[in-house]
Amino acid sequence: MAMHSLSLRLTRFALLLAFLLAGAALAQTTVEVIPLKYRKADQLIPLLKPLLGREASISNFQNQLVIRATPAELAQVKRVLAGIDTQPRRLLITVRQDADVSGSRREAEVSGSIGNNNARMTVPGSSSREGGNVVLREGDDRLRARVVDSSQAGGERTAQTVQVLEGYSAFIRAGESQPVRNRQVLRTMVNGQWVDRVVETTDYREATTGFNVRPHLQGEMVTLDIDPQRESFDEQRRGAVNVQRVSTTVSGRLGEWMDLGGITEERSNDSSGILGTRSVRSSDRRGVQVKVELLP
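What comes next is a walk through the structure. (Residues numbered from 1 in each chain as written. Predicted model: local features only at pLDDT ≥ 70, side-chain atom pairs only at ≥ 80, totals over all residues. Heavy atoms only, no water.)

1. Let's talk about the nonpolar core
The tendency in soluble globular proteins is for nonpolar side chains to be buried side by side. Of all hydrophobic cores here, the largest spans 20 residues; its most connected members are Ile 93, Leu 224, Val 290 and Val 292. Where this core is concerned, the elements lending two or more residues are β4 (90-115), β7 (141-165), β9 (193-218), β10 (221-233), β13 (258-272) and β14 (276-294). Setting aside anything within four residues of it in sequence, one finds Ile 93 in contact with Gln 160, Thr 161, Val 162, Val 164, Phe 211, Val 213, Pro 215, Leu 224, Val 290, Lys 291 and Val 292. In this structure, Leu 36, Ala 41, Leu 52 and Ala 56 belong to the second largest nonpolar core, which totals 15 residues. (Core = buried A, V, L, I, M, F, W, Y, C linked by side-chain atoms within 4.5 Å. Buried < 20%, exposed > 50% of the residue type's maximum accessible area, 1.4 Å probe, protein only. Helix = DSSP H or I, 4+ residues; strand = E, 2+ residues; numbered from the N terminus. Contact = heavy atoms within 4.5 Å.)

2. Structural notes on helix α3 (residues 71-84)
With 14 residues, α3 should cover 20 Å at 1.5 Å per step; its first-to-last C-alpha distance of 20 Å lies within 8% of that length. Against the buried residues of α3 lie β1 (30-35), α2 (41-48) and β3 (64-69). (Expected span 1.5 Å × (residues − 1).)

3. Some details on the pattern of salt bridges
Per the counting criterion, the structure on display carries 6 salt bridges. The salt bridge involving Glu 200 is made with Arg 183; its shortest N-O contact spans 2.7 Å. With Glu 200 in strand β9 and Arg 183 in strand β8 (residues 170-190), the pair connects residues that are 17 residues apart, well separated along the chain. The exposure class assigned to Glu 200 is exposed, which follows from its relative accessible area of 51%. One network of salt bridges, with partners in common, ties together Arg 39, Arg 89 and Glu 166. (Salt bridge = Lys/Arg side-chain N within 4 Å of Asp/Glu carboxyl O.)

4. A short note on the packing of aromatic side chains
Here the structure, examined in full by the defined rule, presents 0 aromatic pairs. Geometry around Trp 257 places Arg 96 over its ring, the cationic atom sitting 4.1 Å from the centre. (Phe/Tyr/Trp six-rings, centres within 6.5 Å; stacked < 30°, edge-to-face > 60°. Lys NZ or Arg CZ within 6 Å of the ring centre and 35° of its normal.)

5. Things to note about the side chain of Gln 229
If you trace the backbone, Gln 229 turns up in strand β10. A polar atom in the side chain of Gln 229 sits 2.9 Å from the side chain of Glu 231. Ignoring sequence-local partners within four residues, the contact set of Gln 229 consists of Gln 97, Arg 173, Thr 208, Thr 209, Gly 210, Gln 244 and Arg 245. (Polar contact = N/O pair within 3.5 Å; in protein donor to acceptor, adjacent residues only side chain to side chain.)

6. A few points about the sheet that holds β1
Across the sheet, 3 strands lie side by side as β1-β3-β2; this open sheet has antiparallel pairing. Two strands lie at the open edges of the sheet, namely β1 and β2 (57-61), each paired on one side alone. Neighbour-to-neighbour, the strand axes of the sheet open up by a mean angle of 20°, direction not taken into account. Looking at chain direction, β2 and β3 are connected through 5 bridges and run antiparallel. Residue pairing across strands places Phe 61 opposite Gln 64, the latter belonging to β3. Relative to β2, α2 is tilted by about 175°, and along the sheet it contacts β2 and β3. On top of the sheet, α3 reaches β1 and β3; it is set at about 150° to β3, its chief contact. (Pairing = 2+ DSSP bridges. Axes fitted to C-alpha atoms, helices over the stretch in contact; angles between N-to-C directions.)

Put into C-alpha cells, the structure is as follows:
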C-alpha cells in the first residue's frame, strides 16, 4: 500500500514538472510584427520558416511578418532579413527566337522521239518549262534534255526585351490577326420541304510572339522560370498557324546568352525514272535563346 502511494506521488510530480517545463518554454516565446521594406511577405515566409522551431509560427498580415518565436530565433530571422529585404535590382531580359528554312530541288530528264520508218521510240517529258532546256534535232529525230537546279533560303529573327525587378514576373506579347472566312450549309424545312442555305461568317485568327518570365538573382548567377512562344501564319495553308513553345527553368551568368531549346527538321525526297531523276531537300532549324543584363 505504501509502495502504491509512493508511485502515485511520483507520477503526479512528473506530470507537474512536465507542465511547468512546457509553460516555461511557452513563456520564453514572444510575438513580434516586423514590417518589410522592399520584399513581399509571401516571398520571404518560405525562406524564413526553416529558421524557426516547431513551437514557433510565422504569418503574413498586410505585408508584415507576424512571428511568434524565442528571442534567439527572432534574432536569427532579423539577421537574415537584413540581407534579403533589400531593394530589388532592375533587369533587362532579351529573348531571341530564330528560324532558318532552306531547300533545294534538282531534276534532270531526257524526252523526245528517235527511230526510223519501221520502229520509233517516244519518251514523254514533263509539262514543266522550268530549268535549262537543250533540243537536238536531226530529220524526224528530236531529243530534249531538261535540267532544273534551284535552291532557296530564308530566315526570321525575332527579339523582344522587357524590364523587370528581380523576384517579380514580367509578360510581353505582340502579334497580328487575320480574317478567316468560314462557309456552312444549313438545312431547314420550309413549307414541308428541306431547303439548303449557305451562311458565310468571318472569324479572326491570331498569331502572337512573346514570353512570360520570372528571374531570381544570386550574385552573378540568374535563374529564370520562362515560357517563350512564337506563332506565325502558314503561307501554304490559309488560316493555319505554326506554333513554337518552350517552358523551362534555366540558370546562367548575367550578360551571357543561354540556349532554351531548338528544333531541327530535315526532309528529303528522291525519285528516278527511265530517263530522269528528281531530288528535293529541305531543312528547318529553330532556336530560342535568352540573355539577362543588370541595369544601373
